[in-house]
Amino acid sequence: MKSIVVFSGGLDSTVLLHQLLAAGDTVAAISVDYGQRHRRELEHAKAIAGRLGVDWQLANLSAICPFIAASSQTSASIAVPHGHYAEESMKQTVVPNRNMIMLSVAAGWAISRRFDRVAYGAHTGDHAIYPDCRPEFARALGNAIRLADWHPVDLHCPFIEMMKAEIVKLGASLNVDFSATWSCYEEGETHCGKCGTCFERQEAFSLAGVLDPTVYQDPRPRPAFGSA
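All values derive from a computational prediction rather than experimental measurement.

### Considerations on the sheet that holds strand 5 (residues 154–156)
Strand order across the open sheet formed by five strands is 3-2-1-4-5, with parallel pairing between neighbours. The strands lining the two open edges of the sheet, one partner per strand, are strand 3 (55–60) and strand 5. Going across the sheet, the axis of each strand differs from the next one's by a mean of 25°, ignoring polarity. With three bridges connecting them, strand 1 (residues 2–6) and strand 4 (residues 117–119) associate as parallel partners. Within strand 4, the residue paired with S3 across the bridge is R117. Against the sheet, helix 3 (residues 98–113) touches strand 1, strand 2 (26–33), strand 3, strand 4 and strand 5, its axis set at about 140° to strand 2.

Below, the structure written as structure tokens:
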């Protein structure tokens, strides 16, 4: 199987990359610069792919940033909300149509290289906040991608019914170096510990009973493994 991974350098897409490699897939990874605030993720994606010997490409779509600016991640005038993803304010982190844009570019690359599928790491915890991580979105876009060219490409979403703690457990079983991944929506040198992705990341490690190697500027109190 030949797979293109939409690769942010975050925890979920890194575990996905390792899973496909472990399954014996021929894997290439694509990251997208859409002018995001948290551009540090692109540096992590490049470094991880390099260490794994994976063909990595960066699609520079930064010029579209003004057209998808109704988000804390694409507009300097909108602050990154802090707190848990359950809070209503987290909807400010939604980048309009982000996954459709990234998956469309990845699908084009997959078609041109005659790969079998495009994979992305949407999971159950994303569904309430990000419309483009819902199973119904994935099904609809998967159907559209298969119709986009005479060479059919599938959309592969193996985590879409999994919680993030389950993904952490899977990553631990695959010996993923979690310290190399980047989740934070802020712009600092280390994870802020306050934004929704940092909250979710800390919570997932705690629930999974896996040591979190991440350095946070302002970490949440970490309960004993299995007590969260």
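### Quick notes on the environment of M102
With respect to the element layout, M102 can be found in helix 3. A residue is classified by how much of its surface remains accessible, and M102, at 13% relative accessible area, is buried. When neighbours within four sequence positions are excluded, M102 is seen to be in contact with V6, V32 and Y34.

### Focus on helix 6 (residues 196–208)
When the terminal C-alpha atoms of helix 6 are compared, their 18 Å separation across 13 residues agrees well with the 18 Å that a helix rising 1.5 Å per residue should span. Those residues of helix 6 not exposed but buried are G196, T197, C198, F199, E200, R201, Q202, A204, F205, S206 and A208. Of the surrounding secondary structure, the elements contacted by the buried residues of helix 6 are helix 1 (11–22) and helix 5 (164–173).

### Details of the packing of aromatic side chains
On inspection of all chains with the given rule, the structure shows one aromatic pair. An angle of 90° between the planes, with centres 5.0 Å apart, marks the rings of F178 and F205 as edge-to-face. A residue pair is termed long-range when its members are at least 10 positions apart, and F178 in the loop between helix 5 and helix 6 and F205 in helix 6 qualify at 27 residues. Judged on exposure class, the residue F178 and its partner F205 are both buried. One cation-aromatic arrangement involves R40 over W182; the distance from NZ or CZ to the ring centre is 5.2 Å. One Lys or Arg, R98, reaches over the ring of Y130 and ends 5.8 Å from the middle of that ring.

### Some remarks on the environment of V15
Its place among the elements puts V15 in helix 1. Between the C-alpha atom of V15 and that of V168, which follows or precedes it by 153 residues, the distance is 7.8 Å.

### A few points about the side chain of S31
Looking at the secondary structure, you find S31 in strand 2. A polar side-chain atom of S31 sits 2.4 Å from the main-chain carbonyl oxygen of F7. Within the structure, S31 has its side chain in polar contact with the side chain of W56 (distance 2.8 Å). The contacts of S31, once residues within four sequence positions are left out, are F7, L42, A45, W56, Q57, L58 and A59.

Rules and cut-offs
Starting from 1, residues in each chain are numbered consecutively following that chain's sequence as written. A pLDDT threshold of at least 70 governs which residues receive local features in this predicted model, and a stricter bar of 80 or more applies before side-chain atom pairs are shown or counted, although totals over entire chains, interfaces and linings include all residues. Calculated side-chain values reflect all of the structure's heavy atoms, with hydrogen atoms and water omitted. Following DSSP output, two strands are said to pair if at least two bridges run between them. In this description a helix means any DSSP run of H or I spanning at least four residues, a strand means any run of E spanning at least two, and both kinds are numbered starting from the N terminus. Lines fitted to the C-alpha atoms define the axes, with helices restricted to the stretch that makes contact. Angles between their N-to-C directions range from 0 to 180 degrees. Contacts were defined at the residue level, with two residues in contact if any of their heavy atoms lie within 4.5 Å. Each residue's exposure class comes from its accessible area (1.4 Å probe, protein chains only) as a fraction of the maximum for that residue type: buried when under 20%, exposed when over 50%, partly exposed otherwise. One less than the number of residues in a helix, times 1.5 Å, gives the span that helix is expected to have. Note on ring pairs: Phe, Tyr and Trp rings are taken, using the six-membered ring of Trp, and paired if centres are within 6.5 Å. Classes follow the plane angle, with under 30 degrees stacked, over 60 edge-to-face and the rest tilted. The criterion is that NZ of a Lys, or CZ of an Arg, lies within 6 Å of the ring centre and within 35 degrees of the ring normal, and then a charge sits over that ring. In protein, a polar contact means a hydrogen-donor-capable atom and an acceptor-capable atom, both N or O and within 3.5 Å, with residues adjacent in sequence counting only if both atoms are side-chain atoms; elsewhere, any N or O pair within 3.5 Å suffices.

None of this, on its own, says anything about what the molecule does.
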